[in-house]
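# Structural characterization, general
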Amino acid sequence: MITSPLVLADSTTMLRRNLRRMRRYPSLTFFIAGMPVVFLLLFVYVFGGALGAGLGHVSGGRAEYIAYIVPGMLLITVAGAAQGTAISMAMDMTEGIIARFRTMDIGRTSVLIGHVIGSVIQTMLALAIVMTVAVLIGFRPTTGPAEWIAAAGLLALAALAVSWLSIALGMVPKDVETASNLPMFLILLPFLSSGFVPTDSMPDGLSWFAENQPFTPVIETVRGLLLGTSIGNSGLLAVGWCIGLSIVGYVWARRLYERRSAG
Amino acid sequence: MTTMESQVAIRAAGLRKSYGTQVVLDGIDLEVAEGTVFALLGPNGAGKTTTVQILSTLISADGGEARIAGHDIVREPDGVRAVIGVTGQFSAVDKLFTGQENLQLMADLRHLDKREGRGRVRELLERFELVEVAGKPVATYSGGMKRRLDLAMTLVGDPRIIFLDEPTAGLDPRSRRVMWETIRELVAGGVTIFLTTQDLDEADRLAHRIAVLDHGVLVAQGTPDELKRLVSGGHIRLQFADAAELERAARTFDGASRDDEALTIQVPSDGGIGSLRALLDWLDAGSIEVSALSVETPDLDDVFLSLTGDHDTKKVTVR
């Protein structure tokens, strides 16, 4: 029996379970939004004057730097949520209820899908908070609603990829502490991209990495969709990376979930 | 499926499992008839939980095969999962949820329709005396309440075969009694129970058949009475006032087992009048002062000790 026709119903049940758990622990969502908000304020008000001047445009300065880094901050939010997702998956795996689910005739992936979709929703909430703060301190998107929706869609796709990877990371170690540290590298990645400074200001090797790592096309596409800069082939690359990483995360997570015994 | 098959709820042959070099199960064969209670009895680390985990499709065996209600555990795990319920040693409840939400979650996963599900949840809350705490988070429940909720969650889907891994371990006497009553009711309703326990008394009270597991091997299997017949006769227990009397008695009764701390010896006996009279005659002849005497017919403790006979198994009698 490969697929039960009830996978959808079971996944919905599991999603409801995860959303309810999220509501019982609202601090986690605020924690996820909190870090990028602090980074945003830090980068704009502490580093912003100097970094903005370095952008090399005519006006320069803090105001322009806000516009430049918001797309990167949105991706920092997406990447930062990985930690919360990995922690909640790891916590769940240590609880007996997962063992119960595994002895029940329910869609095998529904537990994972519930976690992933729940985590995407959580990330979108955190993104809304970060975006609100960005607008409050002077960020002004220059494009129309259709582009905003497309940007939200791409961010959701990025959140999907990060969520699949992080539930797999959450199942790699046996303990919750290690699980909370594993996704740290994901938070670093957006910094090594075009999100905070133009890649051509970096040393050669780093600049090559920054231009070719998955977060850069996503950031460039979001920037284009919100501010009307040129997107080029970044859009296609961004969608490709997100779908590819989602598939990798999904396959990896499934294997870990099947293999990992409860005791 | 033949009629013979359908009368056997659980059949396992040659189950093996190792973790690294540690052999946990070394060829387990067992058969459980439908509508009966089967107790797997053994000390800590004997392999009881591993057996339950394999039979309930939670982990895979290294060798051997098993069928649950006719479904092969490897080839048709979903068929197995559809007919079983499992209550393990560690509470399988969502601690962030209330008792009611936990039960509702099970009703949803068993695909009961809304009205049916709500009715079932209410009925189980009443049956397990959880109505008053139904709206409170499980994290605030006592150990006994959690265990009752755990079993109630297992029962939501009306499983035909239920695995209970040490269901009464660590429970207070009242919760233990509730658990026993529930097991009897379930069996009266035709449910098959596979139970593991370290408690001989529990196995004796509940089980139709008992298998004794020790170091991954089944050392005996049978009805409680059959197992008791495995040890020849019972014994007479003599209590002495001091070590000197104990010493003299021990010299008189050669085959007796002595306990220097309790100042007792146990003399093998069939419990009949004749053997008792002979024993009293010996005591008279030796002028041995006995402060107390009791005649004991064999119980499962004797079976267990005679079958396993290492020091670890002493734990089995403690509760």
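Residue numbers here run from 1 along each chain, matching the order of that chain's written sequence. Ligands are numbered from 1 and chains lettered from A, in the order in which they are written. At least 70 in pLDDT is required for a residue's local features to be given in this predicted model, at least 80 for side-chain atom pairs to be given and counted, and no such filter applies to totals for whole chains, interfaces and linings, which use all residues.

This part takes up the overall build of chain A. By the criteria applied, helices consist of DSSP H or I runs no shorter than four residues and strands consist of E runs no shorter than two, each listed in order from the N terminus. Along its length, chain A carries eleven helices and zero strands. Starting at the N terminus and walking to the C terminus, you meet the elements of chain A as α-α-α-α-α-α-α-α-α-α-α. Two things to know: the radius of gyration comes from C-alpha atoms, and the globule rule equals 2.2 Å times the number of residues to the power 0.38. Here the C-alpha radius of gyration of chain A, 19 Å, is about what a compact globule of 263 residues would show, namely 18 Å. Each of the three principal axes of chain A carries a C-alpha extent, and together these read 65 × 35 × 35 Å. Using C-beta atoms placed from the backbone, we call a residue buried if 20 or more other C-beta atoms fall within 10 Å of its own, exposed if 12 or fewer do, and partly exposed for counts in between. Put simply, chain A has 263 residues, and 46% of those count as buried. Throughout, a residue-residue contact means that the two C-beta atoms, derived from backbone geometry, are no farther apart than 7 Å. Contacts spanning at least 24 positions in sequence make up 78% of the contacts within chain A whose residues lie at least 6 apart.

A tally of helices and strands in chain B yields twelve helices and 14 strands. Each of the 319 residues in chain B was classed as buried or not, and the buried ones make up 43%. If you take every contact in chain B between residues at least 6 apart in sequence, the share linking residues at least 24 apart comes to 69%.

Opposite the 22 residues of chain B that make contact, chain A presents 20 residues. Looking at the side of chain B that touches chain A, the elements with two or more residues in it are α2 (48-55), α3 (77-83), β6 (84-87) and α4 (99-109) of chain B. In terms of residue class, the side of chain B that touches chain A is made up of eleven nonpolar, seven polar and four charged. For this scheme, ten residues count as nonpolar: Ala, Val, Leu, Ile, Met, Phe, Trp, Tyr, Cys and Pro. Four count as charged, namely Asp, Glu, Lys and Arg, and the remainder, Gly too, count as polar.

What follows covers the sheet that holds strand β14 (residues 292-296) of chain B. All names here are of chain B. Strands pair, by our definition, only if DSSP identifies at least two bridges between them. Strands sit in the order β12-β13-β11-β14 across an open sheet of four strands; the sheet is antiparallel. Edge strands, defined here as strands with exactly one partner in the open sheet, are β12 (257-259) and β14. Strand-to-strand twist in this sheet, taken as the mean axis angle between neighbours without regard to direction, amounts to 20°. Bridge count for strand β11 (residues 234-239) against strand β13 (residues 264-269) is six bridges, and the pairing is antiparallel. Residue I236 lies in a different strand from β13, and its bridge partner there is V267. Geometry is summarised by axes, namely lines fitted to C-alpha atoms with helices restricted to the contacting stretch, and by angles between N-to-C directions that run from 0 to 180 degrees. In the packing of helix α10 (residues 243-252) onto the sheet, contacts are made with β11, β12 and β13, and the angle to β13 comes to roughly 20°. The strands touched by helix α11 (residues 273-285) are β11, β13 and β14; relative to β13, the strand with the most contacts, the crossing angle is about 135°.

So, on to the nonpolar core. The nonpolar core criterion groups buried Ala, Val, Leu, Ile, Met, Phe, Trp, Tyr and Cys residues into a set whenever they are joined through C-beta atoms within 7 Å. Counting residues in each nonpolar core, the largest one holds 93 residues, and the members touching the most others are A158 and V162 of chain A. Of all the elements, helix α3 (residues 61-94) of chain A adds the most residues to this core, at 18 residues. I54, V80, I161 and A211 of chain B belong to the second largest nonpolar core, which has 49 residues in total.

Residues and elements named next belong to chain B. The buried fraction of strand β8 (residues 192-197) amounts to six of the six residues, a majority that puts the element mostly inside the structure. Burial along β8 is two-sided: the face carrying T192, F194 and T196 and the face carrying I193, L195 and T197 are both buried. Pairing of strand β3 (residues 37-41) with β8 involves five bridges; the strand directions are parallel. Bridge pairing links L41 to T197 in β8. Taken together, the five bridges between strand β7 (residues 161-165) and β8 define a ladder with parallel strand orientation. Looking at the pairing, I161 lines up with T192 of β8. The handedness rule is simple: strands pointing away from the viewer, and a clockwise path from the first strand over the helix to the second, make the crossover right-handed. Running through helix α7 (residues 173-188), the crossover from β7 to the neighbouring parallel element β8 is right-handed.

This paragraph deals with unusual backbone geometry. All names here are of chain B. Of note in the backbone geometry, L263 takes a positive phi value of approximately 55° without being a glycine. With respect to the helices and strands, the residue L263 is situated in the loop between β12 and β13. Despite not being glycine, S287 shows a phi value in the positive range, around 50°.

We now examine the sheet that holds strand β2 (residues 22-33) of chain B. Residue and element names in this part refer to chain B. Strands sit in the order β2-β1-β4-β5 across an open sheet of four strands; the sheet is antiparallel. Among the strands making up the open sheet, the edge pair consists of β2 and β5 (71-72). As judged from the nine bridges shared by strand β1 (residues 8-19) and β2, these two strands associate in the antiparallel manner. Note that in β2 the partner of S18 across the bridge is V23. Of the strands in this sheet, β1, β2 and β4 (63-68) are in contact with α2, which crosses β1 at around 120°.

All names here are of chain A. Take the residue count of a helix, subtract one, and multiply by 1.5 Å to get its expected span. Given a rise of 1.5 Å per residue, 13 residues ought to cover 18 Å, and the 18 Å separating the end C-alpha atoms of helix α10 (residues 215-227) matches this to within 8%. Of all 13 residues in α10, twelve are buried, a share of seventy percent or more. Buried residues of α10: F215, T216, P217, V218, I219, E220, T221, V222, R223, G224, L225 and L226, and no others. The inward-facing, buried residues of α10 abut α3, α6 (145-171), α9 (204-212) and α11 (234-259).

A few words on the packing of α3 of chain A against α6 of chain A. Residues and elements named next belong to chain A. The contact between α3 and α6 brings their axes to 8 Å, and the two run at 35°. The hand of the α3/α6 crossing is right-handed. In this structure, α3 uses L74, L75, V78, A79, A81, A82, T85, A86, I87, M89, A90 and M93 to contact α6, whose residues at the interface are L155, A158, A159, V162, S163, L165, S166, I167, L169, G170 and M171. For the contact of α3 with α6, the residue count by class is 19 nonpolar, four polar and no charged. Note: crossing handedness is left-handed where the near helix turns anticlockwise from the far helix by less than a right angle, and right-handed where it turns clockwise.

Once that is clear, we can look at helix α5 (residues 114-127) of chain B. Residues and elements named next belong to chain B. Taking 1.5 Å per residue as the helical rise, α5 with its 14 residues ought to reach 20 Å, and the 20 Å between its terminal C-alpha atoms agrees with that figure. Taken together, the buried positions of α5 are occupied by R120, V121, L124 and L125. One face of α5 carries all of its buried residues, which in axial projection span an arc of 130°. Facing away from the buried side of α5 by more than 90 degrees, the exposed set consists of R115, E116, G119 and E126. In the core, the buried residues of α5 are packed alongside α4 and α6 (143-155). Positive phi shows up at E129, right after α5, with a value of about 55°. For this quantity, the arc is that covered by the directions from the helix axis to the C-beta atoms.

On to the domain arrangement of chain B, then. Residue ranges for the domains trace back to a domain assignment, done automatically or taken from a database. We note that the domain assignment places domain 1 (3-229) and domain 2 (233-297) within chain B. Using C-alpha coordinates to define each centre, domain 1 of chain B is positioned 43 Å away from domain 2 of chain B.

Residue and element names in this part refer to chain A. Structurally, the position occupied by L192 is in the loop between α8 (184-188) and α9. Judged by local crowding, L192 falls into the partly exposed class, with 17 C-beta atoms found within 10 Å. Through-space distance from the C-alpha of L192 to that of S207 is 8.4 Å; in sequence the pair is 15 residues apart. Once residues lying within four places of it in the same chain are set aside, the contact partners of L192 are L206, F209, A210 and Q213.

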